[in-house]
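One-letter residues, chain by chain:
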Amino acid sequence: MGIEYSPEISALLGRVRRRPNAGWPWRPGEAVPAGLPVKQSWGWLFAPDGRVLTLVNPRDGIVSLPGGSLEPEDAGDPGRALAREAAEEAQAVIDGPVYLGYLYDRVGSANGGHECARVRMAAALRGVGPSAPDPASGRHYRRLLVAPGLAVELLGWGLPGLRQARAAVAAAAAWWGAPVRADETIEELPPAGCRLR
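Read on for an overview of the structure. Please read all numbers here as calculations on a predicted model, not as lab measurements. (Residues numbered from 1 in each chain as written. Predicted model: local features only at pLDDT ≥ 70, side-chain atom pairs only at ≥ 80, totals over all residues. Heavy atoms only, no water.)

Remarks on the overall build of the chain
Part 1: A tally of helices and strands in the chain yields 4 helices and 10 strands.
Part 2: Element order for the chain, N to C, with α for helix and β for strand: α-β-β-β-β-β-α-β-β-β-α-α-β-β.
Part 3: Relative to the globule expectation of 16 Å for 197 residues, the C-alpha radius of gyration of the chain, 16 Å, shows essentially globular dimensions.
Part 4: Reported as C-alpha extents along the three principal axes, the dimensions of the chain are approximately 50 × 35 × 30 Å.
Part 5: Residues classed as buried in the chain amount to 47% of the 197 residues present.
Part 6: Entry remark: accessible area of the chain is about 9400 Å², with carbon and sulfur atoms responsible for 53%. (Helix = DSSP H or I, 4+ residues; strand = E, 2+ residues; numbered from the N terminus. Rg over C-alpha atoms; globule rule 2.2 N^0.38 Å. Buried < 20%, exposed > 50% of the residue type's maximum accessible area, 1.4 Å probe, protein only. Areas by Shrake-Rupley, 256 points an atom, 1.4 Å probe, with all protein chains shown as cover.)

Written as structure tokens, this is what we have:
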């Protein structure tokens with residue numbers, strides 16, 4: 001059985017562009033070393049059927065996971081930053097963020113040219129509210145549920161991304177009982193929002 005999706009999603013995916021892979025080393029399960037600042041937190045947000053939330057910017061076709069920079073109100077907590085960013089970017093409601101590991105950014109493009117960590121987490125996706133622009137950037141993302149392996153492909157992350165996805169799937173199965181093999185249907189979440197069961 002092939003991947004199923006609507007003509008509208010087909011048109012959107014036809015415009016997808018991948019960011020160049022930065023080549024940051026993935027440190028699965030390792031705590032961020034003392035003295036290495038955590039500058040970003042991004043998340044694999046799992047629906048109950050094992051699919052994950054991806055965001056597509058229809059202006060430039062760039063696909064991303066929800067997440068972003070830690071702000072003072074996050075008090076240094078990557079889980080709190082992920083919940084805030086997911087709400088701002090995707091109007092997503094998440095539960096129980098779980099730390100997966102970090103990417104070591106030796107160039108420090110998110111830290112004024114100084115090395116930093118970019119944390120990856122997994123969380124349960126409980127629903128999304130009505131679609132709205134991200135208050136920080138003004139971007140109005142399209143919200144797609146896709147299988148984790150397809151998310152890696154859309155993100156353009158290659159083998160390191162696949163390793164990340166596998167760690168996220170294992171966490172989602174252990175913590176929330178998400179299936180290891182996700183539904184392969186690509187689904188756009190409704191602009192009016194929805195709860196996920």
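Here's the deal with helix α3 (residues 148–155)
Part 1: Extensive coverage of α3 is indicated by the burial of 6 of its 8 residues.
Part 2: Within α3 the residues assigned to the buried category are Pro148, Leu150, Ala151, Val152, Leu154 and Leu155.
Part 3: Along its buried surface, α3 packs onto α1 (7–13), β2 (38–46), β3 (52–56), β4 (63–64), β8 (142–146) and α4 (158–176).
Part 4: Count one or two residues on from α3 and you reach glycine 156, which has phi positive near 75°. (Contact = heavy atoms within 4.5 Å.)

Some thoughts on the side chain of glutamate 89
Part 1: The topology assignment puts glutamate 89 in helix α2 (residues 78–90).
Part 2: Nearest to the buried, unbridged glutamate 89 among oppositely charged side chains is arginine 139, at 6.3 Å.
Part 3: At 3.0 Å, the side chain of glutamate 89 and the backbone nitrogen of glycine 67 are in polar contact.
Part 4: Beyond its immediate sequence surroundings of up to four residues, glutamate 89 is in contact with Leu55, Leu65, Pro66, Gly67, Ala132, Asp134 and Tyr141. (Lys, Arg positive; Asp, Glu negative; His and termini not counted. Salt bridge = Lys/Arg side-chain N within 4 Å of Asp/Glu carboxyl O. Polar contact = N/O pair within 3.5 Å; in protein donor to acceptor, adjacent residues only side chain to side chain.)

Topic: the packing of aromatic side chains
Part 1: Counted according to the given criterion, the structure contains 1 aromatic pair.
Part 2: Measuring from centroid to centroid gives 6.1 Å for tryptophan 44 and tryptophan 157, while their planes differ by 80°, and the two rings are edge-to-face. Of this pair, tryptophan 44 sits in strand β2 while tryptophan 157 is found in the loop between α3 and α4, placing the two residues 113 residues apart along the sequence.
Part 3: For tryptophan 44, a relative accessible area of 0% puts it in the buried group. (Phe/Tyr/Trp six-rings, centres within 6.5 Å; stacked < 30°, edge-to-face > 60°.)

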